[in-house]
Amino acid sequence: MAELAITKVDKIYRSRKGDVHAVKALDLTVKPGEIVALLGSSGCGKTSTLRMIAGFEEVTNGAITLGGRPIHTLPPAARGVAMAFEAYSLYPPLTIGENMSFALKASKLPPAEQEARVKAMAEMLEIADILNRYPSSVSGGQQQRASLGRALVRDAGLYLLDEPMGQLEPQLRAVLRGRIKHYLREHKCTTILVTHDQTEANALADRIAVMEGGVLQQFATPAELKAAPANLFTGTFIGEPPMNVFAASVLAAADQVSFQLEGGTTLTYPASDIDAALRARLAGMQKVDIGIRPHALQLGDGPVRGKVMACQWLGDQTHVAVDVAGRTVVSASQERVSRAPGSDVALGVAARDLHLFDPASGAAIAHGGRLA
Ligand SMILES: Nc1ncnc2c1ncn2[C@@H]1O[C@H](COP(=O)(O)OP(=O)(O)O)[C@@H](O)[C@H]1O
Ligand SMILES: [Mg+2]
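Residues numbered from 1 in each chain as written. Chains lettered and ligands numbered in written order. Predicted model: local features only at pLDDT ≥ 70, side-chain atom pairs only at ≥ 80, totals over all residues. Heavy atoms only, no water.

**Overview of the packing of aromatic side chains**
Going through the model one piece at a time under the given rule, you end up with four aromatic pairs. Considering the side-chain rings of Phe 233 and Phe 237, the 5.2 Å spacing of their centres and the 15° angle between planes classify their relative orientation as stacked. Of the two residues, Phe 233 and Phe 237 both sit in helix H8 (residues 232–237), four residues apart, roughly one turn of that helix. Phe 233 sits in the partly exposed class, given a relative accessible area of 24%. The positively charged end of Arg 150 is found above the aromatic ring belonging to Tyr 91, 5.5 Å away from the centroid. The positively charged end of Arg 327 is found above the aromatic ring belonging to Phe 246, 5.0 Å away from the centroid. (Phe/Tyr/Trp six-rings, centres within 6.5 Å; stacked < 30°, edge-to-face > 60°. Helix = DSSP H or I, 4+ residues; strand = E, 2+ residues; numbered from the N terminus. Buried < 20%, exposed > 50% of the residue type's maximum accessible area, 1.4 Å probe, protein only. Lys NZ or Arg CZ within 6 Å of the ring centre and 35° of its normal.)

Structure (structure tokens):
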């Protein structure tokens with residue numbers, strides 16, 4: 001178990017067609033035994049980051065240490081890092097079982113123990129029945145699990161898993177998530193998991209690093225990301241369905257604070273609902289962006305008027321799409337709600353559920369009536 005520290009790391013891919021600045025001034029620390037998810041949309045720099053840590057790409061600037069030892073100048077094999085690749089990278093002439101035990105051959109483990117480890121790992125990943133087959137004769141999902149197993153059976157200081165379950169059926173993915181988390185905890189594995197799936201990140205990670213455009217947007221626990229997004233990007237990226245966002249004008253008076261939403265509706269809160277420091281900040285502002293999570297947008301009561309577009313019952317919650325002054329907003333409820341399309345509805349939100357952002361920078365100003 002070792003701490004990983006990434007300091008001011010840049011990755012710039014240079015070519016005649018132009019430079020791509022894939023990772024920008026990244027600072028990230030992963031504590032010993034911690035599971036961190038790198039979460040972001042395609043092209044945000046997740047794989048580049050992992051490949052720099054593993055040693056398959058050079059860092060353009062910055063440093064990476066593992067257990068206090070600089071590793072970014074070492075060859076990959078000297079770093080003590082195990083990686084499961086996005087593209088699996090299994091050796092075609094070796095069977096699935098041989099692929100999984102390949103890295104153990106060089107270890108000092110007795111052969112019987114190597115075999116036992118591979119067998120237990122294959123059972124955990126539900127590929128025990130294909131250990132004698134060759135990669136070309138099994139499915140993409142099976143190859144992916146073999147690649148994951150090959151990384152996890154090793155004794156490494158750090159495990160890097162690049163979209164390790166992207167090819168699997170949702171049901172299998174849900175089962176394996178639980179088993180993999182249990183395994184990583186039992187073996188106290190320091191791990192970075194790359195994913196674009198927020199459910200996977202929430203389910204597996206102690207902390208999530210949200211990336212966009214090569215820039216780390218926020219690094220926090222799943223609960224913190226939800227309750228206190230650092231900016232509008234994280235606010236709208238994390239959470240399902242996504243946060244509703246309204247541009248609004250602010251009117252802060254001594255006894256109340258009003259937000260006039262685009263389209264005309266006004267949300268008014270007594271001064272007692274808004275922290276004094278936030279009221280003082282708002283008194284100096286004209287515009288804010290207001291974020292309201294669908295589960296906080298209450299249907300049936302409040303000053304916002306709209307027309308129901310569609311009700312979607314998902315088996316455990318209802319999403320109601322509502323047209324508010326020409327914009328689609330979504331209200332979500334644990335209840336089974338049915339409203340006729342075209343009917344009028346009222347919507348409201350409590351002060352404790354408001355997220356306020358600076359319209360110019362996108363930075364969070366306040367969450368739940370208090371300064372961020
Ligand atoms: N070898 C490479 N040469 C040039 N550009 C690359 C290379 N690898 C990745 N990129 C670019 O760097 C950016 C980040 O890519 P990547 O790290 O693979 O993102 P992610 O894993 O988040 O999808 C993208 O714009 C991608 O096109
Ligand atoms: Mg990738």
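**With respect to the packing of helix H2 (residues 96–105) against helix H3 (residues 111–124)**
In the contact formed by H2 and H3, the axes pass within 10 Å of each other and the chain directions differ by 135°. Here H2 is positioned oblique relative to H3, judged by the angle of their axes. Read as a crossing pair, H2 and H3 show a hand that is right-handed. Along the contact surface, H2 presents Gly 97, Met 100, Ser 101, Leu 104 and Lys 105, while H3 presents Gln 114, Arg 117, Val 118, Met 121 and Ala 122. Its residues assigned to classes, the contact of H2 with H3 comprises five nonpolar, three polar and two charged. (Axes fitted to C-alpha atoms, helices over the stretch in contact; angles between N-to-C directions. Parallel < 35°, antiparallel > 145°, perpendicular 65-115°, else oblique. Left-handed = near helix turned anticlockwise from the far one by under 90°. Contact = heavy atoms within 4.5 Å. Nonpolar A, V, L, I, M, F, W, Y, C, P; charged D, E, K, R; others polar.)

**Details of the site of ligand 1**
Surveying the vicinity of ligand 1 reveals the residues Tyr 13, Val 20, Ala 22, Ser 41, Ser 42, Gly 43, Cys 44, Gly 45, Lys 46, Thr 47 and Ser 48. Between ligand 1 and Gly 43 there is a distance of 2.6 Å, counted from an oxygen atom to a backbone nitrogen or oxygen. Contact between ligand 1 and Cys 44: an oxygen atom at 3.2 Å from a main-chain N or O atom of the residue. Looking at the shell around ligand 1, the elements with two or more residues in it are strand E2 (20–30) and helix H1 (46–54). Examining the composition of the shell around ligand 1, we find that three residues originate from one element, H1, more than from any other. Of the residues assigned to the shell around ligand 1, the class counts are four nonpolar, six polar and one charged. (Near = heavy atom within 4 Å. Polar contact = N/O pair within 3.5 Å; in protein donor to acceptor, adjacent residues only side chain to side chain.)

**Regarding the coordination of the magnesium ion (ligand 2)**
Protein-derived ligands of the magnesium ion (ligand 2) are Thr 47 (OG1) and Glu 86 (OE), with the metal-ligand distances lying across 2.0 to 2.8 Å. Taken together, the positions of Thr 47 in helix H1 and Glu 86 in the loop between strand E6 (81–84) and H2 put the pair 39 residues apart, joining distant regions of the chain. What makes Glu 86 partly exposed here is its relative accessible area of 41%. (Donors = N, O, S within 2.8 Å, 3.2 Å for Na, K, Ca; no water.)

**What about the side chain of Asp 197?**
By secondary structure assignment, the location of Asp 197 is in the loop between strand E8 (191–195) and helix H6 (198–204). A polar side-chain atom of Asp 197 sits 2.9 Å from the main-chain amide nitrogen of Thr 199. Residues within four places of Asp 197 in sequence aside, it is in contact with Leu 39, Arg 173 and Arg 177.

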